[in-house]
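Structural overview
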Amino acid sequence: MNMQLLYDILAGYGPSGCEGRVRAVIERALEGHVDSLETDVMGNLIAVKKGDGTGRRIMLSSHMDHIGLAVIDADKHGFLRVCNVGGIRAQKLISGHVVFENGVCGVVGADEKVKGDVTVSELYVDIGAQSREEALSMVSIGDMCVMQPRFSRLGEHRIASPAMDDRIACFVQAEVMLSLPEKTRNEIVAVFSVQEEVGLRGATTAAYAVNPDLGIAIDVTGVGDVPKVATKLPVSLGKGAAVKIMDRSLICTPSVVAMMEKLAEERNIPVQREVLPYGGTDAGAIQKTRGGVPSGVVSIPCRYIHSEAETVDLRDVRAAIELVAACVE
Ligand code: CO
Ligand code: ZN
């Protein structure tokens, strides 16, 4: 695995709708290794490996965007009030470090509260400004900030970073495209999508345009292997890639699930089944495009999703690369 590429993909600034820097990193990595590489109106990066004409058209999708905060206004003391971009749990952001596209840094504070969880409207971002004027000379209304990149290796196999959702999958998808043989039967269209966190928007238009015979999304999924959890999910870190059965955005096409499990068994790729009672992913958009497309998802188990500490196991990442590669073959 090309760890430098992974670091670069993780570190790119890219809240929903502003994925340009992440796109540039992936574009550079794929240039010369695919038959075409284009950015569509929405900002999706679409990499195509042509087939020999006898196969199917397979669409892969992983999203480049991650969650963030958008500036609504600054108060007279220079604190920024914000709204969420994507599914933010305000409590998890308090005391976190954030960064804007122009490099302005901030830390997240919250109105003091005696009871109950803080909401996003009770958060503020402190960028060191002392007046509204000063604050709005540093950032503009509508500007978005994201959690500052910070990468840790945990033990032998695990890594933690913000934006692991879903940059780890962008990395998996890039590695698959870079490892394809010279000649392939199937046409493989890898979409690095935008605006997933705000409602699968990039994948919706891309799926319509690509018009695939089969859709496979790659994304992170929740786990049940931490000390105390409300819902005991069946997925654990280090036990392989997860084959999604369902989440809130789709019920995976049974034949696609069966194909994935068969390939995993034949090639000794460790997999586990996933049922996620919340969340959604790009396959939900692919499956419902046009007259319907058989769709499934290869997931990477991830702890602490939508926090600064999103943690995955590199053995699962390896398994996901192998499984997606087997599927497109
Ligand atoms: Co997410
Ligand atoms: Zn995701």
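Here we summarise the structure given alongside this text. Everything numeric in this text was worked out from a predicted model, so none of it was measured. (Residues numbered from 1 in each chain as written. Chains lettered and ligands numbered in written order. Predicted model: local features only at pLDDT ≥ 70, side-chain atom pairs only at ≥ 80, totals over all residues. Heavy atoms only, no water.)

1. Some thoughts on the coordination of the cobalt ion (ligand 1)
Note the cut-off: For Na, K and Ca the donor cutoff is 3.2 Å, while for all other metals N, O and S atoms must lie within 2.8 Å; water is not among the atoms, so some sites may look incomplete. Sites are called tetrahedral only when four donors show all angles between 85 and 135 degrees, square planar or octahedral only when four or six donors show opposite pairs over 155 degrees and all other angles between 65 and 115, and irregular in any remaining case.
Surrounding the cobalt ion (ligand 1) are the protein donor atoms Asp165 (OD), Glu197 (OE), Glu197 (OE) and His306 (NE2), which sit 1.9 to 2.6 Å from the metal. One way to put it: the four donor atoms around the cobalt ion (ligand 1) meet at angles of 54 to 152°, and that makes the site irregular. Each donor residue of the cobalt ion (ligand 1) lies on the same chain, and together they follow the pattern D-x31-E-x108-H.

2. Points about the coordination of the zinc ion (ligand 2)
For clarity, the cut-off: We call a residue buried when its accessible area falls under 20% of the maximum for its residue type, exposed when it is over 50%, and partly exposed in between, using a 1.4 Å probe and counting protein chains only.
Here the zinc ion (ligand 2) is held by the protein donor atoms His63 (NE2), Asp165 (OD), Asp219 (OD) and Asp219 (OD), which lie 2.0 to 2.8 Å from it. Viewed at the metal, the four donor atoms of the zinc ion (ligand 2) are separated by angles of 50 to 149°, and the geometry they form is irregular. Within one chain, the residues serving as donors to the zinc ion (ligand 2) are arranged as H-x101-D-x53-D. On the basis of relative accessibility, which here comes to 1%, the residue His63 falls in the buried class.

3. Quick look at the nonpolar core
Convention followed: We define the nonpolar core as a collection of buried residues of types Ala, Val, Leu, Ile, Met, Phe, Trp, Tyr and Cys that are connected through side-chain atoms lying within 4.5 Å of one another. Numbering of helices and strands runs from the N terminus; a helix is a DSSP stretch of H or I covering at least four residues, while a strand is a stretch of E covering at least two. What makes two residues a contact is simply this: any of their non-hydrogen atoms within 4.5 Å.
Core analysis: the largest hydrophobic core is formed by 62 residues, its most contacted members being Ile26, Ile168, Val172, Phe192, Ile300 and Val317. At ten residues, the largest contribution of residues to this core is made by helix H9 (residues 314-328). With near-sequence residues (within four places) excluded, Phe192 lies in contact with Ile26, Leu30, Asn44, Leu45, Ser62, Met64, Cys170, Gln173 and Ala174. One finds Leu69, Val120, Ile127 and Ala129 within the second-largest nonpolar core, a separate group that totals 23 residues.

4. Comments concerning helix H2 (residues 20-30)
The condition is simple: The arc under discussion is defined with respect to the helix axis, by the directions toward the C-beta atoms.
Listed as buried for H2 are Val22, Arg23, Val25, Ile26, Ala29 and Leu30. Burial along H2 is one-sided: seen end-on, the buried residues are contained in an arc of 160°. Of the surrounding elements, those touching the buried residues of H2 are helix H1 (3-11), strand E1 (36-39), strand E2 (45-49), helix H5 (164-178) and strand E12 (187-193). Following H2 by one or two positions, Gly32 adopts a phi angle in the positive range, close to 85°.

5. Things to note about the sheet that holds strand E11 (residues 158-160)
Quick note on the threshold: Should DSSP find at least two bridges between two strands, the strands are taken to pair. Here, axes are lines fitted to C-alpha atoms. For helices the fit covers the stretch in contact, and angles between N-to-C directions go from 0 to 180 degrees.
The sheet built from three strands is open, its strands ordered E10-E11-E17 with antiparallel pairing. The open sheet has two edge strands, strand E10 (152-154) and strand E17 (311-313), and neither has a second partner. Across the sheet, the mean angle separating the axes of adjacent strands is 25° when strand polarity is ignored. Taken together, the three bridges between E11 and E17 define a ladder with antiparallel strand orientation. In the strand pairing of E17, Arg158 is matched with Asp313. Relative to E17, H9 is tilted by about 65°, and along the sheet it contacts E10, E11 and E17.

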